[in-house]
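Notes for the structure review
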Amino acid sequence: MMDWLYRYPTLYPGILLKRYKRFFADVQLTNGEIVTAHCPNTGPMTGVSTAGSAVQLSKSANPNRKLAYTLELIQVDDNYPTWVGVNTALPNQIVKLALARYLFPELGEYSHIKGEVVYGQDKKSRVDFFLTGNDEDRPIYLEVKNTTWCEGKLALFPDTETTRGQKHLRELMALLPKSRAVMLYFINRGDCTEFAPGDSKDPIYGKLLRDAIALGLEVLPCRFDISPEGIRYLGLAKLAI
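Note that the coordinates shown come from a computational prediction; the quantities given were computed from them, not determined experimentally.

Criteria and thresholds
Residues numbered from 1 in each chain as written. Predicted model: local features only at pLDDT ≥ 70, side-chain atom pairs only at ≥ 80, totals over all residues. Heavy atoms only, no water. 1 Å grid on protein atoms, 1.4 Å probe; cavity = no way out; pocket = protein on both sides within 12 Å on 5 of 7 lines; lining within 4 Å. Points joined across faces, edges and corners; volume = space filled by probe spheres on them. Helix = DSSP H or I, 4+ residues; strand = E, 2+ residues; numbered from the N terminus. Nonpolar A, V, L, I, M, F, W, Y, C, P; charged D, E, K, R; others polar. Pairing = 2+ DSSP bridges. Expected span 1.5 Å × (residues − 1). Buried < 20%, exposed > 50% of the residue type's maximum accessible area, 1.4 Å probe, protein only. Arc of directions from axis to C-beta. Contact = heavy atoms within 4.5 Å. Salt bridge = Lys/Arg side-chain N within 4 Å of Asp/Glu carboxyl O. Phe/Tyr/Trp six-rings, centres within 6.5 Å; stacked < 30°, edge-to-face > 60°. Lys NZ or Arg CZ within 6 Å of the ring centre and 35° of its normal. Axes fitted to C-alpha atoms, helices over the stretch in contact; angles between N-to-C directions.

Topic: the layout of surface pockets
The volume enclosed by the largest pocket comes to roughly 780 Å³. Surrounding the largest pocket, 33 residues form its lining, T42, K145, N146, F157 and R164 being those nearest its centre. For the lining of the largest pocket, the elements supplying multiple residues, two or more each, are α1 (90-100), β9 (125-132), β10 (140-147), β12 (154-157) and α2 (163-175). Classifying every residue of the lining of the largest pocket by side-chain character gives 8 nonpolar, 14 polar and 11 charged.

Overview of the pairing of strand β2 (residues 11-20)
Of the strand pairs in this sheet, β2 and strand β5 (residues 54-59) are connected by 5 bridges, and their pairing is antiparallel. Looking at the pairing, Y12 lines up with L57 of β5. Relative to strand β3 (residues 24-29), β2 runs antiparallel, the two sharing 6 bridges. Note that in β3 the partner of L16 across the bridge is V27.

Quick word on helix α3 (residues 203-215)
Between the first and last C-alpha of α3 there are 19 Å, a value that for 13 residues agrees with the 18 Å anticipated at 1.5 Å per step. Residues of α3 that are buried include every one of Y205, G206, L208, L209 and A212, and no others. For α3, the buried positions fall inside an angular range of 165 degrees around the axis, keeping them on one side. Residues of α3 that are exposed and point more than 90 degrees away from the buried face comprise P203, K207 and A214. Here the buried face of α3 lies against β10, β12, α2, β13 (180-187), β14 (194-197) and β15 (218-226).

Here we look at the pattern of salt bridges
Scanning all chains against the criterion turns up 8 salt bridges. For D191, the salt bridge identified is with R189, shortest N-O distance 2.8 Å. By relative accessible area, which is 1% here, D191 ends up buried. Note that D225 and R232 form a salt bridge whose closest N and O atoms lie 3.3 Å from each other.

Quick notes on α2
Compared with an ideal rise of 1.5 Å per residue, which puts 13 residues at 18 Å, α2 spans 19 Å between its outermost C-alpha atoms and is within 8% of the ideal. Residues of α2 that are buried: G165, Q166, H168, L169, E171, L172, M173 and L175. Those residues of α2 that are buried are in contact with β8 (112-119), β9, β10, β13 and α3.

Side note on the packing of aromatic side chains
One pass over the full model with this rule turns up 12 aromatic pairs. Summarising the aromatic geometry, the rings of F186 and F224 are spaced 3.9 Å apart at their centres and angled 10 degrees between planes, so their arrangement reads as stacked. On the criterion of sequence distance, the pair formed by F186 in strand β13 and F224 in strand β15 is long-range, its members being 38 residues apart. In textbook terms, an aromatic cluster arises when at least three aromatic residues are bridged by ring pairs, as seen for F104, F186, F224 and Y233. Above the ring of Y20, the side-chain terminus of K18 is found at 4.8 Å from the ring centroid. Lying over the aromatic face of W149, K201 brings its terminal NZ or CZ to 5.6 Å of the ring centre.

Describing the sheet that holds strand β1 (residues 6-7)
Taken in spatial order, the 7 strands make up an open sheet running β1-β16-β15-β13-β10-β9-β8, and their pairing is mixed. Edge positions in the open sheet fall to β1 and β8, since each of these has one partner strand only. Of the pairings in the sheet, the one linking β13 to β15 comprises 6 bridges and is parallel in character. When the sheet's bridge partners are listed, L184 is paired in β15 with L220. Here α3 sits on the sheet and contacts β10, β13 and β15; the angle it forms with β13, its principal contact strand, is near 135 degrees.

Written out as structure tokens, the structure reads:
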């Protein structure tokens, strides 16, 4: 039996016709109906938004929603047919479930998990997770980044210039060494076995990441198997810095 971290609701298969204005995707369902689905992904979705690809949609029962369908999965064939999760609202939910089950032994022991804790030099940022426990003197600040772009079996982040991501790295670096700072890359596809920064898209981010690692930033490139049934954790990818 699969050890599912998350089970998708009923999904509706179709073919992606086009993604546009960031938040819209036109999809032809298997019954021939063409629907416009909400695309919950603000990024460029490099390599994972090709027209003609198989997709899976969820459907809301809320009659007040403008768009009933949500784009959840898209199938790519970079290495072999692979489902990729494109709903960026899910990774933090999945990581929270994984933290509650202590699936990341690299983090050590902790007993309290808080989300969206204010931090940073200007106190205007929120870290995704704040973990405390046996080592109260060194709490863990954990940031999550969704990763779908790849070259071969190498997962890459970011897939575009991200000043927000750069800021997060600088703020995590400022916490060291008094606190532990962890960057968790949520590899939202099961076909990648290594991870590296996307230097070609954002060389500043790549340099900052390497500088942060040198100062003690911990990096967890976490692999997840994605299918229309659900999501399960596969372990860490190799860090290729």
